[in-house]
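Structural characterization, general
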Amino acid sequence: MTKLDSKIPEGPLDKKWSNYKANQNLVNPANKRKLDIIVVGTGLAGASAAASLAEMGFKVKSFCYQDSPRRAHSIAAQGGINAAKNYPNDGDSVYRLFYDTIKGGDYRSREANVYRLAEVSNQIIDQCVAQGVPFAREYGGTLANRSFGGALVSRTFYARGQTGQQLLLGAYQAQSRQIKQGNIEMYPRMEMMNLVIIDGKARGIIARDVITGELKRFSAHSVVLATGGYGNVFFLSTMAMGSNVSAAWQSYKKGAAFGNPCFVQIHPTCIPVHGEYQSKLTLMSESLRNDGRIWVPKHKEDAERIRKGEITAGDLPEEGRDYYLERRYPAFGNLVPRDVASRAAKERCDAGFGVGNTGLAVYLDFKDSIERLGKDTIEAKYGNLFQMYEKITDENPYETPMMIYPAIHYAMGGLWVDYELQTTIPGLFATGEANFSDHGANRLGASALMQGLADGYFVLPYTIQNYLAHEINTPRFSTDTPEFDAAEKETSEQLISLMNIKGTKSVDTFHKKLGKIMWEYVGMARNMEGLKTAIEEIRELRKDFYANLRIPGELNDLNPELQKATRLADFLELGELMAMDALNREESCGGHFREEYQTGEGEALRDDKQYNYVAAWTFSGEGKAPEMIREALVFEEIEVKQRNYK
Amino acid sequence: MDLKLKIWRQKNASERGRFVNYKISNISPDSSFLEMLDVLNEELISFGEEPVVFDHDCREGICGTCGMYINGRPHGPDELITACQLHMRKFRDGETIVIEPWRARAFPVIKDLMVDRSAFDELMQDSGYVSVNTGNAPDANTIPVQKEQADLSMDAATCIGCGACVAACKNASAMLFVSAKVSHLALLPQGRVEAKKRAALMVAKMDALGFGNCTNTGACEAECPKGIKLTNIARLNREYYKASIF
Ligand SMILES: Cc1cc2nc3c(=O)[nH]c(=O)nc-3n(C[C@H](O)[C@H](O)[C@H](O)COP(=O)(O)OP(=O)(O)OC[C@H]3O[C@@H](n4cnc5c(N)ncnc54)[C@H](O)[C@@H]3O)c2cc1C
Ligand code: SF4
Ligand code: FES
């Protein structure tokens, strides 16, 4: 049975990371050149790690499925990145950022990891500025900040509504420099399909060349997965079309534990679903909640008339509007954390107060702030988001309130990692959204970019050396080994069997069905019966998939349908594990809301006696029930309380 | 909506391509252009035919992966958007839509509408960065940056690397892209140090990669989904000139 050792260093919380660094093993420069590291993924977590490791002298092989590393989905992040700089002098500190993150995560994350994250946050901003990231500035030339949900201070740095793209370009540029210097070999359009383990250690990957369909082998002393989140298990999400769980899932099937799979985040402000043909959901940055006020009609009859198109939002007088977040949570108002805001929107819509032709939307209104600050100020802050909204909906948000609804956005769950970001497979590390580490049951806005870059620039490049220091006598090895043969054969057989089904239904037909099951039963509100139904239905769907899938085209060719099919095959297994995890967790916390466990006021009701742990699932073989191992969470610094945003 | 589609189909880089006509019906005007192609592809799959291959990922106008000529225009008939942000309400019922891949020597076709834009990455690898290692940075507020400069830098940095500028240019020049990259960094004190060298190296690399010369026709600016301005090219030329006289 897999054992979990979180490897949290000894000592007081604020000394753990410096103690760790002072005592860890390092690799000397001459030996670094002899060590290879595979980094799968070129988002913030992957690109920053690849660049930093290469600068240190390691030889890095970097992979992504897009045509260019610069296109990883980190690029889509809009709102900003947190750091404890306290530039606005509003009382922020490392401790407060740590505290907010633990509380925001509903006390389901590890204190030591989160403290370290807060500690290195300031260095990230320094690093990015040095790379030429054009953060927003004040007239005096200093960096500007804005506030985000779940915090009472302004600690979010941003670059218009494109923070992700600008941070990623910084990391991509650093990576490009190392490619030129010959320290990184870059493999775009190369999709990891399998993990190769030799003598119990991660030693390489099997990847498929997306253009030719050829399977290729790559070896290294260590493998890092920075492959992003698995929101696309819901089909509709704010993720990129190609975002997938396959690299993590294949590693799970090779022995890596998967932490808290049921913890996914539903973002409160996305453009509502409008039709069957829809392929993805577009986020409207949470930063909009700084200046936008969320409301629905106070009277059901008005909501009905709006849905029928008889009246519009503008026809309702102030008294006819219910600013339900401000009403329920006077202290945080529109800036409550995401899970709270999402559930409140669902509650209003389920109760019949929703707007839009489907009734599954609420208003996000800028009227008051346009009056207070002027249209120009609002345009300078949110211009590109408003434009994006208008292009999609054909409505002008300067004049009519936006309509929004929650959508799947982020996966807090992911590969289980210890303090060193190592999975339960020695030599296999996971960073960024792909790991489960820092956000507990709910992530605060602007903290994913922070975590991705913390992992890649400042944590992994150190911790991986503690492992590699023992590998300096391992020579570079060939891919001509029985383990590589076996892994390639396994993948090749999977691909052939998918091609050979020759049924009648397309990949998307199945993916949409899976999405509906997940959203219905494993989405914003869950209950025992629903989760059991989900497990049944997913199993049926999986059978149908393997009996009736049709993939046109050829195996050894550019074949996007085959690519989608391999990803969906893994989602069809992950979905079941998520439902099992949600079923096991008989409490509500953060993004995981079990209807059976709520307070009289409809807030999430945790059960700290029984569920104060990370659920790490391990694979026991095809068709067998996975095993669940608990990592107990110990809070030494913070007093565990019910979250209160009133 | 009912539409006629005329789409470029090409099996691979070495085979010749051709236009193929398709008919498609019941398209919602609220669907996006790529969702319309999804519907077409689902139909093709149901007939057992190979779907039309096109590049796309974020579908929200930021990753720069999508890109094709739609009725003769890169990213199609709307201003300041990418192909994935184009919506069907911009077309008329019954219209014929012509869809082709980017055409440029430096961007060879891979299959159907998908092209190889790795030349952009090679340009960036040449010198499109600030030479700073992780861990070397001073406090972020040590060097104040004029807000106006930072804003101009940000304007240039919004380039998503889609390649529409190259596709729109009759010389297939990458000047708008390169100028956006050079301007983004040259306008900030951190990038200023290497600005001249960067400009010289990137321009030389652009020629080496088979991009054409800039003859100031301005077609790139007109089609750029992110509104990158020609003034960036003027700035690049100044940097380049400085590099060649010093
Ligand atoms: C629309 C949107 C807005 C957001 N806004 C914010 C925000 O304002 N602030 C914030 O903090 N967070 C935000 N987030 C969350 C944040 O952007 C992500 O969590 C974070 O960027 C993830 O980074 P990553 O490096 O872990 O993964 P990604 O950036 O998703 O990168 C994944 C990489 O893995 C590669 N990959 C995946 N699978 C394979 C495979 N099998 N083989 C090879 N390569 C593979 C991909 O090619 C890619 O390079 C937002 C997210 C979304 C979707
Ligand atoms: S300059 Fe404009 S058109 Fe050219 S690559 Fe950048 S965003 Fe695309
Ligand atoms: S798919 Fe990302 S810009 Fe169009």
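**Details of empty space enclosed by the protein**
Gaps left between atoms are located by rolling a probe of water-molecule size over the structure's atoms. In total, this model carries 15 cavities of 30 Å³ or more according to the counting rule given. Each pocket or cavity is described by its volume, and for the largest cavity that value is around 880 Å³. Elements with a contribution of two residues or more to the lining of the largest cavity: α3 (44–56), β6 (190–198), β15 (402–411) and α13 (448–468) of chain A. The residue inventory of the lining of the largest cavity, partitioned by class, reads 21 nonpolar, 23 polar and six charged. Counted as a void, the second largest cavity has a volume near 160 Å³. Taken together, 16 residues form the lining of the second largest cavity, with K280(A), T282(A), I392(A), E35(B) and R59(B) sitting closest to its centre.

**Thoughts on the site of ligand 1**
All names here are of chain A. Residues in close proximity to ligand 1 total 35 residues, the closest being T42, Q66, S74, M192 and E433. A distance of 3.2 Å is found between an oxygen atom of ligand 1 and a backbone nitrogen or oxygen belonging to S447. Burial of ligand 1 by the surrounding chains reaches 97%, relative to a free accessible area of 1000 Å². Put simply, ligand 1 lies in the largest cavity. Contributing elements (two or more residues each) for the shell around ligand 1: α3, β6, β15 and α13. In terms of residues, the shell around ligand 1 owes the most to one element, β6, which gives three residues.

**Points about the pairing of β15(A)**
All names here are of chain A. Of all the 10 residues making up β15, 10 are buried; the element is thus mostly covered by neighbouring parts of the structure. Direction of pairing for strand β11 (residues 264–270) relative to β15: antiparallel, over a ladder of five bridges. Across the sheet, V264 pairs through a bridge with A411, a residue of β15. When strand β14 (residues 362–365) meets β15, the two strands line up antiparallel, connected through three bridges. Bridging across to β15, Y363 finds its partner in M403.

**Digging into the packing of helix α16 (residues 528–548) of chain A against helix α17 (residues 560–584) of chain A**
Residues and elements named next belong to chain A. Axis separation between α16 and α17 bottoms out at 9 Å; the angle between their running directions is 160 degrees. It follows that α16 is roughly antiparallel to α17 by the angle criterion. Crossing angle aside, the handedness with which α16 passes α17 is left-handed. Contacts between α16 and α17 involve M528, L531, K532, A534, I535, I538, R539, L541, R542, F545 and Y546 on the former and, on the latter, A565, L568, A569, L572, E573, G575, E576, A579, M580, A582 and L583. For the contact of α16 with α17, the per-class residue count stands at 16 nonpolar, one polar and five charged.

**Side note on the interface of chain B and chain A**
Counting residues at the interface gives 77 residues for chain B and 75 residues for chain A. When chain B packs against chain A, close to 6300 Å² is buried across both sides, 51% of that on carbon and sulfur atoms. Its largest share of buried area at the contact with chain A, chain B owes to D57(B), E60(B) and T134(B), together 11% of the area lost on that side. Linking chain B with chain A are nine salt bridges. R117(B) is the salt-bridge partner of D67(A), the closest N and O atoms lying 3.2 Å from each other. Applying the counting criterion to the chain B and chain A interface returns 49 residue pairs in polar contact (both at pLDDT 80 or more). Every element with two or more residues in the side of chain B that touches chain A is listed here: α1 (33–46), β6 (109–111), β7 (114–115), α2 (118–127), α3 (147–157) and α5 (175–186) of chain B. When residues in the side of chain B that touches chain A are grouped by element, the largest group, eight residues, is from α3(B). Partitioning the side of chain B that touches chain A into residue classes produces 31 nonpolar, 22 polar and 24 charged.

Cut-off values and rules
- Residues numbered from 1 in each chain as written.
- Chains lettered and ligands numbered in written order.
- Predicted model: local features only at pLDDT ≥ 70, side-chain atom pairs only at ≥ 80, totals over all residues.
- Heavy atoms only, no water.
- 1 Å grid on protein atoms, 1.4 Å probe; cavity = no way out; pocket = protein on both sides within 12 Å on 5 of 7 lines; lining within 4 Å.
- Points joined across faces, edges and corners; volume = space filled by probe spheres on them.
- Helix = DSSP H or I, 4+ residues; strand = E, 2+ residues; numbered from the N terminus.
- Nonpolar A, V, L, I, M, F, W, Y, C, P; charged D, E, K, R; others polar.
- Near = heavy atom within 4 Å.
- Polar contact = N/O pair within 3.5 Å; in protein donor to acceptor, adjacent residues only side chain to side chain.
- Areas by Shrake-Rupley, 256 points an atom, 1.4 Å probe, with all protein chains shown as cover.
- Sits in = over half its atoms within 2 Å of the grid points.
- Buried < 20%, exposed > 50% of the residue type's maximum accessible area, 1.4 Å probe, protein only.
- Pairing = 2+ DSSP bridges.
- Axes fitted to C-alpha atoms, helices over the stretch in contact; angles between N-to-C directions.
- Parallel < 35°, antiparallel > 145°, perpendicular 65-115°, else oblique.
- Left-handed = near helix turned anticlockwise from the far one by under 90°.
- Contact = heavy atoms within 4.5 Å.
- Buried area = accessible area lost by both parts, 1.4 Å probe.
- Salt bridge = Lys/Arg side-chain N within 4 Å of Asp/Glu carboxyl O.

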